[in-house]
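# Structural description and commentary
So you can see what is in the structure, the chains are spelled out below.
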Amino acid sequence: MKVKTFLSIACLSLMLVGCGNDTVDNSGKSVESTNNKVSKVKHKKPKKDPREVVNGELLKVGQWCNDDEQGKMELYKICVPGTVIDDGPIKCTVKSIKIFKITPQTQEQIEIAKDDYNTNSVPKVYYTLQVVYDLENTSQDALQFTGVESIVTSTGQQMSSDGSGMYDDGIGVKVAGNGQRENVAIGMINDGDYSKITDITIKFSGQLSKDNGDYDDYSDQTDAVKISLDNRSEERRVGKECR
């Protein structure tokens, strides 16, 4: 009986020693790679839209950008007529005519549009007509320009800066003698008319001269000039860009 008890105690002691040797102390250790290479998670970069323009102008139909004041702007149509209206010492050149699709992203952008186009409401998506024109003072005297008198679309909509839905930064600008500057006039197009506009008729206001600190009439307003936006227009056939 004593022999059996002794053997049992001996076996139990061996088992405890074995368990003691099998324990692992992992304190202060970290997981090690089995192949000594760091495993990295690959994140797919979002594909960039090739039509997005982050710097510079929108020059091709379908190009778009995010504008701080207007929201998403997409170029719907562009025409580069280069039409020169030479009436008086300031020569006006219509450099480009563009139609934009505008999608405001914030309430602030909606409020800016209300102020610019003198309207009480702005739809979620709207279209604008932009005319970029150059002023060249061919005289040696400083002259003041009074802006675009009106723009009338082929659909019959009239835009003017006197409250008829147009903003013109050329109003009241001073052009130094033999100087030149670029200006832009923008109007909101009536709902549904953007695809129907084939031409515009533009008329510039008069020019003022400075005399003893006051500006007096120097020349009258120009005659109205019609400019086609049609791809098949004469401007296109002589090498101008309309699309």
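This text follows the structure it describes.
Keep in mind the model is a prediction, meaning the values are calculated, not measured. (Residues numbered from 1 in each chain as written. Predicted model: local features only at pLDDT ≥ 70, side-chain atom pairs only at ≥ 80, totals over all residues. Heavy atoms only, no water.)

### Some points on empty space enclosed by the protein
Convention followed: Whether a set of points on the 1 Å grid over the protein atoms alone is a cavity depends on a 1.4 Å probe fitting there but being unable to get out, while an open set qualifies as a pocket with protein on both sides within 12 Å along at least five of seven lines; lining residues are those with an atom within 4 Å of a point. Grid points are joined across faces, edges and corners, and a volume is the space filled by probe spheres set on the points. Secondary structure elements are taken from DSSP: a helix is a run of H or I of four residues or more, a strand is a run of E of two residues or more, and numbering for both begins at the N terminus.
Inspection of the entire model under this criterion finds 1 cavity of 30 Å³ or more. In this model, the largest cavity occupies a volume close to 30 Å³. Every residue along the wall of the largest cavity is listed here: Glu69, Gln70, Gln109, Ile112, Ala113, Asp116, Tyr117 and Tyr126. Considering every element that reaches the lining of the largest cavity, the biggest residue donor is helix H2 (residues 107-116), with 4 residues.

### Concerning the nonpolar core
Quick reminder of the rule: Here, nonpolar core refers to any group of buried Ala, Val, Leu, Ile, Met, Phe, Trp, Tyr and Cys residues whose side-chain atoms link them within 4.5 Å. Categorising residues by exposure relies on relative accessible area from a 1.4 Å probe, with only protein chains included: less than 20% of the type maximum marks a residue as buried, more than 50% marks it as exposed, and the intermediate range marks it as partly exposed. The criterion used for residue contact is that any of the two residues' heavy atoms lie within 4.5 Å.
Counting 28 residues, the largest nonpolar core has Ile97, Ile151, Ile200 and Phe204 as its most contacted members. Counting residues per element, the ones that place at least two in this core are strand E4 (90-103), strand E5 (126-137), strand E6 (143-146), strand E7 (148-153), strand E10 (171-175) and strand E12 (199-204). Apart from residues no more than four positions distant in its own chain, Ile97 is found in contact with Lys77, Ile78, Cys79, Pro81, Leu129, Gln130, Val131, Ile200, Ile227 and Leu229. The next biggest cluster of nonpolar side chains, apart from the first, holds 16 residues, and it includes Val53, Ile78, Val132 and Met188.

### Overview of the environment of Gln140
With respect to the helices and strands, Gln140 occurs in the loop between E5 and E6. Taking relative accessible area as the criterion, Gln140 reaches 70% and is therefore assigned exposed. For the pair Gln140 and Gly177, spaced 37 residues apart in sequence, the C-alpha to C-alpha distance is 4.0 Å. Those residues within four positions of Gln140 in sequence are excluded, and the remaining contacts are Gly177 and Asn178.

### Looking at the side chain of Ser205
Operational definition: Nitrogen and oxygen atoms within 3.5 Å of one another constitute a polar contact, given that in protein one can donate a hydrogen and the other can accept it, and given that sequence-neighbouring residues count only through two side-chain atoms.
Within the secondary structure, Ser205 sits in the loop between E12 and strand E13 (207-211). Within the structure, the side chain of Ser205 is placed 3.1 Å from the side chain of Glu149, a separation counted as a polar contact.

### Description of the side chain of Gln63
Take Gln63: it is sitting in the loop between helix H1 (2-22) and strand E1 (64-67). At 2.8 Å, the side chain of Gln63 and the backbone nitrogen of Leu59 are in polar contact. Residues in contact with Gln63, not counting those within four places in the same chain, are Arg51, Val53, Glu57, Leu58, Met73, Glu74 and Leu75.

### Overview of the pattern of salt bridges
What counts, and what does not: Salt-bridge detection follows one rule: a side-chain nitrogen of Lys or Arg within 4 Å of a carboxyl oxygen of Asp or Glu.
Per the stated rule, a full pass over the model turns up 7 salt bridges. Residues Lys48 and Glu52 are paired through a salt bridge, measuring 3.6 Å at the closest nitrogen-oxygen approach. Lys95 serves as the salt-bridge partner of Glu182, at 2.6 Å between the closest nitrogen and oxygen. Residue Glu182 is found in strand E11 (residues 180-188), and its partner Lys95 is found in strand E4; the two are separated by 87 residues along the sequence. The structure contains a network of salt bridges with shared partners spanning Lys95, Asp134 and Glu182.

### Let's talk about the packing of aromatic side chains
The cut-off we apply is this: Under the pairing criterion, centres of Phe, Tyr and Trp rings, with the six-membered ring standing for Trp, must be within 6.5 Å; the plane angle then separates stacked pairs below 30 degrees from edge-to-face pairs above 60, leaving the rest tilted.
On inspection of all chains with the given rule, the structure shows 7 aromatic pairs. Taken together, a centroid distance of 5.1 Å and an interplanar angle of 85° make the contact between Tyr76 and Tyr194 edge-to-face. Note that Tyr76 is positioned in strand E2 (residues 71-80) and Tyr194 in the loop between E11 and E12, a separation of 118 residues in sequence. A ring pair is formed by Tyr133 and Phe145, whose centres lie 6.2 Å apart and whose planes are at 50°; its orientation type is tilted. On the criterion of sequence distance, the pair formed by Tyr133 in strand E5 and Phe145 in strand E6 is long-range, its members being 12 residues apart. Look at Tyr133 and you get buried, because its relative accessible area is 0%. In textbook terms, an aromatic cluster arises when at least three aromatic residues are bridged by ring pairs, as seen for Tyr76, Tyr127 and Tyr194.

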